[in-house]
Amino acid sequence: MATSIVLSSCILFTLLVLLSLTLNFSFVLSSSSSSSQMVFPLTHSLSTTGFNNTHHLLKSTSVRSTARFHHHHRHRHNKHRHHSHRQISLPLSPGSDYTLSLSLGSKPTQQISLYMDTGSDLVWFPCAPFDCIMCEGKYDPKVPYIKPLNYNNSADFIPCDSPLCSAVHSSLPSSDICAISNCPLESIEMSECQSFACPSFYYAYADGSFVARLYRDNLSLEPMSSTTTTQQQSLHLKNFTFGCANTALAEPIGVAGFGGGSLSLPAQLATFSPELGNRFSYCLISHSYNFERIRKPSPLILGRYDDQKEEKTGDGAAVTEFIYTPMLDNPKHPYYYCVGLEAIQIGTTKIDTPVSLKRVNSKGNGGTVVDSGTTFTMLPSVVFEAVANEFGKRVGKMYKRAIETEDRTGLRPCFYYNNKNKSNLRWRVPKMVLHFTGNASVSLPQSNYFFEFNGDEEEEGKTKKRKMRKEKVGCLMLGNAGEEEEGESSGPAAALGNYQQQGFEVVYDLGQRKIGFAKKKCSSLWDNLNS
């Protein structure tokens, strides 16, 4: 009985949030094409900044991936903040994140780029005056579209008695929130606090945080005119709810949350256009940290399109180019897009994963989160060690271990490539296959899990510069998440990072609760969708 009451309350609250969004939200499409599909560019964060030292880039990205996953996994509770605030940890230096360009307001609009993140459930912007503590070196202030917005439209605040305000304040009752907003008692009792704004809320990250207020305004997404040829698609969302932050710790750039929460961008869009909001995909261009490839846009697709239509075989069975695995239900953490990872295959050896990676338990723990904001796939120690040992055993028969590179990058195993046999000009490494629930097996290209780079970059030592040995070096691009922790709310057991998602169109079908993978040449897909 108690469980039924709790679930009924959660459902009622969700319905109230959706109703509030529907009553206040609308959208306008400006496009020469069908409204069932819209395509926008994702830009790699290194496309404007670049990098000078591969070892440092790999080290900082490895640390960042680990920190982000630990914040997913060791989920903390705080009654003063939304239960889902466990978002991205920005890199120690510009890293492997993807940004989406948006415009806010009207007359005039202001353009800004935010991190696109399937692990976040809120859209927020840095707003002037913006005080960012410990933000030096985390972004290039010369890039205009990541500067704080000049936004101060008090008429568009969210009232304290709105379900949207409760959603961002850990589902606190509106009476409590309005009391914090200094709404008089008699007005609280009469439900007449519409003129009192939703109070500021605190948002926590793995290595940073911010304080923001909720507002609503017009939000627009537009493609880059320089890469779009015949079609100009624009998506204009009226009365879109977002956070406006004036203070942050180590978080200079905002986030476009694509997670499962009620305030995420897809959720708000779906209240008016389920066709667009309930299905989205992206195709991250394979780059291997090659600057020319990093500079190319990766397509983000809202809605369905022709390539996703199923075809029928002779016996009537449906055939699609996508390999689908079902999303795991998690009532305690519905914002995670988790799937079941059953095994990892190295060569001919299939390594079974523990049950924690395959399903979510009654406490909301377990599963493998598919995350656009984590760079390297993170595995618990027992799985990582089994995979790394099998990979190292096979590759170690042909190549020498590069222990110094492992120390400098945080990755392992790494190997030196000293090719004495000129007939063999390529690394010989075993294949890697990810086996998901539902007989969904995804074979990864070698570049998605093994990265080759020069080992002769100069490094500043304690006394003088020294040069590394000149062999090519290659490393396994997976992360060790450490020992599993069982707690009241420890979250996902593993994460599928964006580096392993390169070269695949990854579709999030929120209506049918499944995630699909299809091998694609993403640069060609971008060109085809915009021709």
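Right, let's walk through the structure included here. (Residues numbered from 1 in each chain as written. Predicted model: local features only at pLDDT ≥ 70, side-chain atom pairs only at ≥ 80, totals over all residues. Heavy atoms only, no water.)

Observations concerning the overall build of the chain
Threshold: In this text, helices come from DSSP runs of H or I with a minimum length of four residues, and strands from runs of E with a minimum of two, each type numbered from the N-terminal end. Relative accessibility thresholds used throughout: buried, under 20% of the residue-type maximum; exposed, over 50%; partly exposed, between the two (1.4 Å probe, protein chains only). For the accessible areas, the method is Shrake-Rupley and the probe is 1.4 Å, while residue cover comes only from the protein chains on display.
Helix and strand content of the chain: 13 helices and 31 strands. Across the 531 residues that make up the chain, the buried fraction comes to 56%. As presented, the chain carries roughly 22700 Å² of accessible surface, and 52% of it is formed by carbon and sulfur atoms.

Here we look at the state of the cysteines
Which entries qualify depends on this criterion: When two cysteine sulfur atoms are found within 2.5 Å, that pair is recorded as a disulfide.
Taken as a whole and judged by the stated rule, the model has seven disulfides. Each disulfide pairs two cysteine sulfurs, and for Cys-160 the partner residue is Cys-178, the sulfurs being separated by 2.1 Å. Between Cys-160 and Cys-178 the sulfur-sulfur dihedral comes to about 100 degrees; the bridge is accordingly right-handed. Of this pair, Cys-160 sits in the loop between β5 (123-133) and α4 (163-168) while Cys-178 is found in helix α5 (residues 174-180), placing the two residues 18 residues apart along the sequence. Here Cys-178 falls in the buried class, since its relative accessible area comes to 2%. Between the sulfur atoms of Cys-165 and its disulfide partner Cys-198 the distance amounts to 2.1 Å. Since a negative S-S torsion denotes a left-handed disulfide, the Cys-165-Cys-198 link at about 85 degrees is right-handed. Of this pair, Cys-165 sits in helix α4 while Cys-198 sits in the loop between α6 (185-189) and β6 (201-204), placing them 33 residues apart in sequence. As far as the burial class goes, Cys-165 and Cys-198 line up, both buried.

Describing empty space enclosed by the protein
Leftover empty space is mapped by rolling, across the atoms, a probe with the size of a water molecule. Convention followed: Definitions used for this entry: grid spacing 1 Å over protein atoms alone; cavity, a set of points where a 1.4 Å probe fits but cannot get out; pocket, an open set with protein on both sides within 12 Å along at least 5 of 7 lines; lining residue, one with an atom within 4 Å of a point. Grid points are joined across faces, edges and corners, and a volume is the space filled by probe spheres set on the points.
Following the criterion strictly, the structure yields five cavities of 30 Å³ or more and no others. Lining of the second largest cavity is provided by Leu-42, His-44, Tyr-98, Ile-285, His-287, Arg-293, Ile-294, Lys-296 and Ser-298. Looking at the lining of the second largest cavity, the elements with two or more residues in it are β2 (37-44) and α9 (291-294).

Describing the sheet that holds strand β24 (residues 450-454)
What counts is decided by this rule: Two strands qualify as a pair provided that DSSP identifies no fewer than 2 bridges between them. Contact between two residues is taken to exist if any of their heavy atoms lie within 4.5 Å; hydrogens are not considered. Only the contacting stretch of a helix is used when fitting its axis, a line to C-alpha atoms as for every element, and angles between N-to-C directions run 0 to 180 degrees.
Strand order across the open sheet formed by four strands is β20-β21-β27-β24, with antiparallel pairing between neighbours. Each of the sheet's edge strands pairs with one partner strand only, and the pair in question is β20 (400-401) and β24. Judged from the four bridges that link them, strand β21 (residues 414-417) and strand β27 (residues 472-476) form a sheet pairing that is antiparallel. The residue bridging Phe-415 from the neighbouring strand is Gly-474, located in β27. The sheet contacts of helix α10 (residues 381-395) involve β21, β24 and β27, and relative to β21 the element is tilted by about 15 degrees.

Digging into the packing of aromatic side chains
Two aromatic rings, taken as a pair, are described by how far apart their centres are and by the angle between their planes. What counts, and what does not: When the centres of two rings from Phe, Tyr and Trp lie within 6.5 Å, Trp using its six-membered ring, the rings pair. Their planes under 30 degrees apart give stacked, over 60 give edge-to-face, and anything left gives tilted. Two thresholds decide whether a charge sits over a ring: the Lys NZ or Arg CZ must be within 6 Å of the ring centre and within 35 degrees of the ring normal.
Scanning all chains against the criterion turns up 24 aromatic pairs. Residues Phe-258 and Phe-280 carry aromatic rings whose centres are separated by 5.2 Å and whose planes lie at 70 degrees to one another, so their mutual orientation is edge-to-face. With Phe-258 in the loop between β9 (255-257) and α7 (265-270) and Phe-280 in strand β10 (residues 279-283), this residue pair connects regions lying 22 residues apart in the sequence. A relative accessible area of 0% places Phe-258 in the buried class. Overall, Phe-280 belongs to the buried group, its relative accessible area being 1%. Note on Phe-451 and Phe-453: the rings are 5.3 Å apart at their centroids and 25 degrees apart in plane angle, and the pair reads as stacked. The same class applies to Phe-451 as to Phe-453, namely buried. Three or more aromatic residues joined by ring pairs form one cluster here, namely Phe-391, Tyr-399, Tyr-417, Trp-427, Tyr-449 and Phe-450. Across the ring face of Tyr-324, the terminal group of Lys-514 is positioned such that the distance to the ring centre comes to 4.0 Å. A cation sits over an aromatic face here: Lys-519 above Phe-504, 5.7 Å from the ring centre.

Quick look at the sheet that holds strand β23 (residues 440-444)
Pairing in this open sheet of four strands is antiparallel, and the strands run β17-β16-β22-β23 from one edge to the other. Only two strands of the sheet have a single partner each, and these edge strands are β17 (349-352) and β23. If you compare each strand with its neighbour and ignore which way they point, the axes differ by 20 degrees on average. Two strands pair when backbone bridges link them, and strand β16 (residues 341-346) and strand β22 (residues 432-436) are joined in this way by five bridges, in the antiparallel orientation. Looking at the pairing, Ala-343 lines up with His-435 of β22. Each of β16, β17 and β22 is contacted by α10, which is oriented at about 15 degrees to β16, the strand it contacts most.

Remarks on the pairing of β5
Bridging between β5 and β9 involves two bridges; their strand directions are antiparallel. Counterpart to Val-123 in the pairing with β9 is Ala-256.

What about the side chain of Gln-268?
How we decide: Counted as a polar contact is a pair of N or O atoms within 3.5 Å, where, for protein atoms, one must be capable of donating a hydrogen and the other of accepting one, and residues adjacent in sequence contribute only when both atoms are in side chains.
As for its position among the elements, Gln-268 is in helix α7. For Gln-268, the side chain forms a polar contact with the main-chain oxygen of Leu-263, separated by 3.0 Å.

Some points on the pattern of salt bridges
Operational definition: What counts as a salt bridge is simple: a side-chain nitrogen of Lys or Arg found within 4 Å of a carboxyl oxygen of Asp or Glu.
Taken as a whole and assessed by the stated rule, the structure comprises nine salt bridges. Salt-bridge contacts for Lys-393 lead to Glu-390; the nearest nitrogen and oxygen are separated by 3.3 Å. Placement of the pair is Lys-393 and Glu-390 together in helix α10, with a separation of three residues, close to one helical turn. One salt-bridge network, in which partners are shared between bridges, spans Glu-321, Glu-505 and Lys-520.

Observations concerning the nonpolar core
In plain terms, the rule: Residues grouped as a nonpolar core are buried Ala, Val, Leu, Ile, Met, Phe, Trp, Tyr and Cys residues, joined through side-chain atoms within 4.5 Å.
Formed by 73 residues in total, the largest nonpolar core has its most connected members in Leu-100, Phe-125 and Tyr-508. The leading source of residues in this core is α10, at six residues. Residues contacting Leu-100, with those up to four places away along its chain left out, are Phe-40, Pro-41, Leu-42, Ile-112, Ser-113, Leu-114, Met-116, Leu-221, Ala-256, Phe-258 and Leu-300. Counting residues in each nonpolar core, the second largest holds 28 residues, with Trp-124, Ala-167, Cys-198 and Ile-253 among its members.

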